[in-house]
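Here are the chains, one letter per residue:
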Amino acid sequence: MATLEAAGGNGFRAASIPAALAIVVLGSAAGIVRAVSTRIQRMLTVKVDRHATAIVLRSAVQAELSEFEDPAFHDWLQRAVFASRSRLTMLVTATVAIGQTVLAAVAIAGTFVSMAWWLLPVAAVSALPVLKAARDDRNSRHRLHHALSENRRRREYLERLLTGRDEAKEIRALRLGRALRDRWDAAYRQEIQGHSEANRRYMWSSLGARAAADVVVLAVVGGGIWLVAVSVIDLATVASALTGLWFLSTRAQMLGGLLSGIGESVLYLEDLRTFTAIPSPQTTPPRVVMGTVQADQVSFAYPGTDRPVLRDVTVAVKPGEVIALVGENGSGKTTLAKILAGLYQPDDGSVLLDGTPVADIRVLRDLSAVVFQDFVRYKLSAIDNVTFGRPEAPVDVERAWRALAQAGADAFVASLPTGAETILGKEFACGADLSGGQWQRLAIARAFYRDAPFVILDEPTAALDPKAEDDLFARIRNLFANRSVLMISHRFSSVRHADRIYVMEDGRVIEEGTHESLMARHGTYAQLFTIQARSYR
Ligand SMILES: Nc1ncnc2c1ncn2[C@@H]1O[C@H](COP(=O)(O)OP(=O)(O)OP(=O)(O)O)[C@@H](O)[C@H]1O
């Protein structure tokens, strides 16, 4: 007996070893599968996010400048960014969850078919009201998302103001933080109110839907009890059928919820499609040779406005000429420069190149190097700030230093902590900042580096000290030799040496000529020049 027990005990132990091993192996395999699938899902999430954001960025970069004047464009852009950030990832997660739920539902339905097939349609019907409530909710939330677009953009703008380094000094100097936060709060309240109303509506409709589904299930339970009472089927069959029904209808509702989530994601992805479908030119502009650039009877109103800011304007810049635009604030100088640089299409009249109307305004962009009044201060390296002048070509460091020297920026760039590689933003590690005039010199260096035949300088010396300004204007003809130069300035002493000066007023050219001829005319130019000269005496 003892021998038998011993043998039995040994047999049990021997048999349990592979079983225990199998449990350990299966457990580890499940752990490995979980770890690998988590990794794959996380990587997929990041890659999907990157891909979708890349699509949005590509479309945003290709969009014409005029699109940026349209608030609707910014709404589309913001919705596309929203969709790209969250919705594709959700779609991936929901699709995986649907696969799992469908498998479970099919298994339960299989059991049902053999037991009480007639309960299958009942399970489907019980899920219908919940599905309808979810669909209504999805549509109303998507409508709300659209309605709140502008409000959300305003709130996000306030967030940038409150957290940006560039804004930090003025917001503190004015003690503006509190007032801006109050506005941010009000904007957020409006959003929350919208969401709260939508959620309240959904709560009631989903409660109603649940009640309707429960009525269906109760009717089936009642029917089952009656069938048992009249001895048509036995209690065990009804009990298992009802348990199955309960399982199946919960799966059907879960599936409905997941499908509704997918439907919602598809609605948002439609926003992404709408944005990326905004037409943008697919071709590259033809290469042309620089000649005389002329605005011929150009009229223009900014998109979304009907007030013309340029009316029948005619100006010409010949190769090798230095032309100046002067006039009071808001008279249209920058707008005219933007049209000559090919950034906007005129509404009437045309831009001519050697007498031929320019069909594709992008050729003007290729010919121009513009230093805007409000040029961009790239918080990247100093060398990037210069070589961005010609981004499509390989970086030419020697040429960049030449451009820096021409703009009088080489000395201060060389003295930065890591020279031209220094990041110009204190938000970044080892970053430095520049003075307003130094930034302006970098922007001018960018124009030199671009080395384009048509140079547009919009208030290029506003931040320069008088010596630097004088020096730049005195050297402009040499620095930009053989190029056409159009410069905008309020300093009459700086423009007096231009080959021709156009005086603008209220969107029109009211006078043109050399400094001497305009002075002899005793018109607006002479008057403004005299006032300015007097104030310097
Ligand atoms: N993006 C825009 N959308 C609508 N109107 C604009 C836009 N930019 C400028 N304007 C309007 O166009 C008119 C001309 O502006 P523009 O900037 O061309 O004047 P400016 O002569 O360069 O002025 P300043 O000397 O102040 O730089 C102004 O009335 C201005 O309000």
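Bear in mind the structure is a predicted one, so any value in this text is a computation, not a measurement.

K.L.:
What am I meant to see in the site of the ligand here?
P.N.:
Of all residues adjacent to the ligand, which total 14 residues, the nearest are Glu69, Arg307, Lys333, Thr334 and Thr335. Within the backbone of glycine 330, one N or O atom sits 2.8 Å away from an oxygen atom of the ligand. In the model, an oxygen atom of the ligand is placed 2.8 Å from a nitrogen or oxygen of the lysine 333 side chain. Here the ligand loses 70% of its free accessible area of 630 Å² to cover by the protein chains. Looking at the shell around the ligand, the element that brings in the most residues is helix H8 (residues 333-340), giving three residues.

K.L.:
Explain the sheet that holds strand S7 (residues 454-458) here, please?
P.N.:
By way of backbone hydrogen bonds, the strands of a sheet pair with one another, either parallel or antiparallel. Read across the sheet, six strands follow the order S6-S7-S8-S3-S9-S10 without closing on themselves; strand pairing throughout is mixed. Edge positions in the sheet fall to strand S6 (368-371) and strand S10 (508-513), since each has one partner strand and no second. If you compare each strand with its neighbour and ignore which way they point, the axes differ by 15° on average. For strand S3 (residues 322-327) and strand S8 (residues 484-488), the ladder comprises four bridges, and the chain directions are parallel. Paired with leucine 325 across the two strands is isoleucine 488, which belongs to S8. Where H8 meets the sheet, it contacts S3, S6, S7, S8 and strand S9 (500-505), and its direction lies at approximately 155° from that of S8.

K.L.:
Looking at this structure, I do not really get the packing of helix H11 (residues 397-406) against helix H13 (residues 436-450). What am I missing?
P.N.:
Helix-helix packing is described using two parameters, namely the angle between the two axes and the distance between the axes. Across the interface, H11 lies against H13 with an axial gap of 8 Å and an inter-helix angle of 130°. With respect to H13, the axis of H11 lies oblique. Of the two elements, H11 crosses H13, and the hand of that crossing is right-handed. Facing H11, whose interface residues are Arg399, Ala400, Ala403, Leu404 and Gln406, H13 presents Leu442, Ala445, Phe448, Tyr449 and Arg450.

K.L.:
Please clarify how the pattern of salt bridges should be interpreted in this entry.
P.N.:
Pairing is possible between side chains that carry opposite charge, provided their charged atoms lie close to one another. According to the stated counting rule, one finds 21 salt bridges in the structure shown. Arginine 155 is paired through a salt bridge with glutamate 191; the nearest N and O atoms lie 2.6 Å apart. Of this pair, arginine 155 sits in helix H4 (residues 149-163) while glutamate 191 sits in helix H6 (residues 177-229), placing them 36 residues apart in sequence. The pair arginine 155 / glutamate 191 is uniform in exposure class, with both members buried. Connected via shared salt-bridge partners are Asp75, Glu150, Arg153 and Arg154.

K.L.:
Help me understand the confidence of the model for the chain in this model?
P.N.:
The predicted structure's coordinates, where accompanied by low pLDDT, should not be read in detail. Averaged over every residue, the pLDDT of the chain is 84; the share at 70 or more is 91%. In this model residues 1-9 is a low-confidence stretch, pLDDT under 50, and it forms zero contacts with partners more than four residues away in sequence or in other chains.

K.L.:
How should a nonpolar patch on the surface be read in this particular structure?
P.N.:
On the surface, a cluster of nonpolar side chains totalling about 270 Å² of accessible area is made up of Ile32, Val36 and Ile40. Position of isoleucine 32 among the secondary structure elements: in helix H1 (residues 2-62).

K.L.:
Where do I start with H8 in this structure?
P.N.:
Note: α-helices contain 3.6 residues per turn, so residues at a spacing of three or four share the same orientation. Burial analysis of H8 places seven of its eight residues in the buried class, which makes it a mostly covered element. Taken together, the buried positions of H8 are occupied by Lys333, Thr335, Leu336, Ala337, Lys338, Ile339 and Leu340. Looking at the residues trailing H8, positive phi occurs at glycine 342, about 80°.

K.L.:
What is the right way to read the UniProt feature "domain: ABC transporter" (unreviewed entry) in the chain from this model?
P.N.:
Following the UniProt record, one finds the feature "domain: ABC transporter" (unreviewed entry) at residues 293-531. Taken end to end, residues 293-531 has its terminal C-alpha atoms 32 Å apart, with 35% of it in helix and 25% in strand.

K.L.:
Looking at this structure, how should I read the domain arrangement of the chain?
P.N.:
The figure often quoted for interface size is the accessible area lost as the parts come together. Parsing the chain into structural domains produces domain 1 (43-276) and domain 2 (293-536). The gap between the C-alpha centroids of domain 1 and domain 2 is 51 Å. Every contact between the two is made by six residues of domain 1 and, on the other side, 10 residues of domain 2. Summed over both sides, the interface of domain 1 with domain 2 buries roughly 730 Å², with 48% coming from carbon and sulfur. Among the residues of domain 1 in contact with domain 2, Leu65, Glu69 and Arg165 are the three that bury the most area, contributing 67% of the side total. In this structure, the connection of domain 1 to domain 2 is made through three salt bridges. Between lysine 379 and aspartate 166 there is a salt bridge, with the nearest N and O atoms lying 2.8 Å from each other.

Rules used in this analysis
Residues numbered from 1 in each chain as written. Predicted model: local features only at pLDDT ≥ 70, side-chain atom pairs only at ≥ 80, totals over all residues. Heavy atoms only, no water. Near = heavy atom within 4 Å. Polar contact = N/O pair within 3.5 Å; in protein donor to acceptor, adjacent residues only side chain to side chain. Areas by Shrake-Rupley, 256 points an atom, 1.4 Å probe, with all protein chains shown as cover. Helix = DSSP H or I, 4+ residues; strand = E, 2+ residues; numbered from the N terminus. Pairing = 2+ DSSP bridges. Axes fitted to C-alpha atoms, helices over the stretch in contact; angles between N-to-C directions. Contact = heavy atoms within 4.5 Å. Parallel < 35°, antiparallel > 145°, perpendicular 65-115°, else oblique. Left-handed = near helix turned anticlockwise from the far one by under 90°. Salt bridge = Lys/Arg side-chain N within 4 Å of Asp/Glu carboxyl O. Buried < 20%, exposed > 50% of the residue type's maximum accessible area, 1.4 Å probe, protein only. pLDDT = per-residue confidence, 0-100. Patch = residues over 30% accessible without salt bridge, like charges linked within 9 Å, V, L, I, M, F, W, Y side chains within 5 Å. UniProt positions renumbered as here; feature names shortened; annotations may be inferred. Domains from an automatic or database assignment. Buried area = accessible area lost by both parts, 1.4 Å probe.

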